[in-house]
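Summary of structural features
As a plain string of letters, each chain reads:
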Amino acid sequence: MTDWKLPWNASCLCGRVTMRISAAPMIAMACHCRGCQKLTSGPYSLSLMFPAAALDVQGETEIGGLHRDESVHHFCAHCKNWLYTCGIAGGQFVNFRATMLDDASWVIPYVESYVSEKLPGVVSGARISFDEFPTADRYPELMAGFATAGAKPQ
Ligand SMILES: [Zn+2]
Ligand SMILES: [Zn+2]
C-alpha cells in the first residue's frame, strides 16, 4: 500500500518519545465519550488503529489514565502527553493518537462514536456516527469502507 506513504514518524509534545509506524491504519475514529474528553482535555479523541507490531516506540513512557488491564493508556514520562492505547482486542491492536504524527494534516475520522455525549458545536468530519461504540460485528464493514474511502496522506 504505497499510497499511505509509510513509514510515519511521530512524537510527543516535548519530543522525548518518538514513534514510528510501519503499517497502514485499519480505521480512523473520533470518540466523543466523557472519558475521552477528560483524557484529551479536549472535545474528543482522534485515533488511528494499527496492528500492535506496526508501532515502534523510543523513549520512556508510563501508564496513566484509568490504569486498566485492557485498553492501557500510555503517556510520555516527561510531558505526560497521551500517546497510544495498548491491549485492544487482547493486545492485537493499538489505538494511536493521530495528533502525535509529524504530519497529521490529512487525518479525518471515518467513524465517530459516542455522539450521545458529544459537546454542542463539535463537528469531527466523520462519515458514520454511532450513539455509543459500534458493535464488534460492524468493524469488518467499517474497516473495508475506510480502506477504500478513508482519508490518506496527500
Ligand atoms: Zn471515548
Ligand atoms: Zn514528552
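Owing to the predicted nature of the structure, the values given are computational and were not obtained by experimental measurement. (Residues numbered from 1 in each chain as written. Chains lettered and ligands numbered in written order. Predicted model: local features only at pLDDT ≥ 70, side-chain atom pairs only at ≥ 80, totals over all residues. Heavy atoms only, no water.)

Let's talk about the overall build of the chain
Here is the rule we go by: Counting from the N terminus, the helices are DSSP H or I runs at least four residues long and the strands are E runs at least two residues long. Atoms counted for the radius of gyration: C-alpha only. Globule rule: 2.2 Å times the number of residues to the power 0.38. Only protein chains enter the area calculation, which uses a 1.4 Å probe; residues under 20% of their type maximum are buried, those over 50% are exposed, and those in between are partly exposed. Contacts between residues were defined by any pair of non-hydrogen atoms, one from each residue, lying within 4.5 Å. Each accessible area is a Shrake-Rupley estimate made with a 1.4 Å probe; only the visible protein chains count as cover when residues are assessed. Counted as positive: Lys and Arg. Counted as negative: Asp and Glu. His and the chain ends are not counted at all. A charged residue contributes its charge at one atom only: NZ of Lys, CZ of Arg, CG of Asp or CD of Glu.
Looking only at helices and strands, the chain features two helices and 11 strands. Counting from the amino terminus, helix and strand elements in the chain follow one another as β-β-β-α-β-β-β-β-β-β-β-β-α. Whereas a compact globule of 154 residues would reach a radius of gyration of roughly 15 Å, the chain reaches 15 Å, a difference of no more than 12%. Projected onto its principal axes, the C-alpha coordinates of the chain cover approximately 35 × 35 × 30 Å. Each of the 154 residues in the chain was classed as buried or not, and the buried ones make up 44%. Here the analysis covers contacts within the chain between residues at least 6 apart in sequence; of these, 54% occur between residues at least 24 apart. As displayed, the chain has an accessible area near 8000 Å², and 53% of this comes from carbon and sulfur atoms. Once the 12 positive and 14 negative side-chain charges of the chain are each reduced to a mean point, those two points are 6 Å apart.

Examining the coordination of the zinc ion (ligand 2)
Reference geometry at the metal: tetrahedral coordination by four donors gives ideal angles of 109.5 degrees; octahedral coordination by six donors gives 90 or 180 degrees. Inclusion rule: Each metal site is built from N, O and S donor atoms within 2.8 Å (3.2 Å for Na, K and Ca), and since water is not included, such sites may look incomplete. Geometry is assigned from donor-metal-donor angles: four donors are tetrahedral when every angle falls between 85 and 135 degrees, four are square planar and six octahedral when opposite donors sit over 155 degrees apart with all other angles between 65 and 115, and any other arrangement is irregular.
The zinc ion (ligand 2) binds to the protein through Cys-12 (SG), Cys-14 (SG), Cys-76 (SG) and Cys-79 (SG); the donor distances cover 2.3 to 2.4 Å. Classification of the site at the zinc ion (ligand 2) rests on its four donor atoms, whose angles at the metal span 104 to 113°, yielding the label tetrahedral. Each donor residue of the zinc ion (ligand 2) belongs to the same chain, with the gaps between them written as C-x1-C-x61-C-x2-C. On the accessibility criterion, Cys-12 (5% relative accessible area) is buried.

Digging into the pattern of salt bridges
Worth spelling out the cut-off: Any carboxyl oxygen of Asp or Glu within 4 Å of a side-chain nitrogen of Lys or Arg constitutes a salt bridge here.
Inspection of every chain in the model, using the stated rule, returns two salt bridges. Between Glu-62 and Lys-80 there is a salt bridge, with the nearest N and O atoms lying 2.8 Å from each other. Of the two residues, Glu-62 is situated in strand 6 (residues 61–64) and Lys-80 in the loop between strand 7 (72–76) and strand 8 (82–88); the sequence distance between them amounts to 18 residues. According to the relative accessible area criterion, Lys-80 is partly exposed, its value standing at 47%. Of the charged contacts, one joins Arg-138 and Glu-141 as a salt bridge, the two residues approaching to 2.9 Å between their closest N and O atoms. Glu-141 gets classed as partly exposed once you look at its relative accessible area, which sits at 44%.

Some details on the side chain of Lys-152
Put simply, the rule is: Polar contact is the term for a pair of N or O atoms within 3.5 Å; when the atoms are in protein, one must be able to donate a hydrogen and the other to accept it, and sequence-neighboring residues count only if both atoms are side-chain atoms.
With respect to the element layout, Lys-152 can be found in the segment after helix 2 (139–149). One buried charge, Lys-152, has no salt-bridge partner; the nearest side chain with opposite charge is Asp-3, at 4.7 Å. A polar contact is formed between the side chain of Lys-152 and the backbone oxygen of Ala-147, at a distance of 3.0 Å. Look past the residues within four positions of Lys-152 in its chain and what remains in contact with it is Asp-3, Trp-4, Trp-106, Phe-146 and Ala-147.

What to know about the pairing of strand 7
How we decide: Note: two strands are recorded as paired if DSSP finds a minimum of 2 bridges between them.
Along strand 7, five of the five residues are buried, which leaves the element largely enclosed by surrounding structure. As judged from the four bridges shared by strand 6 and strand 7, these two strands associate in the antiparallel manner. Paired with Thr-61 across the bridge in strand 7 is Cys-76. Alignment of strand 7 against strand 8, held across four bridges, turns out to be antiparallel. Considered in strand 8, the bridge of His-73 is made with Thr-85. In textbook terms, the turn of a hairpin is the stretch between consecutive antiparallel strands, and for strand 7 and strand 8 this stretch comprises five residues, one of which, Lys-80, has a positive phi near 65°.

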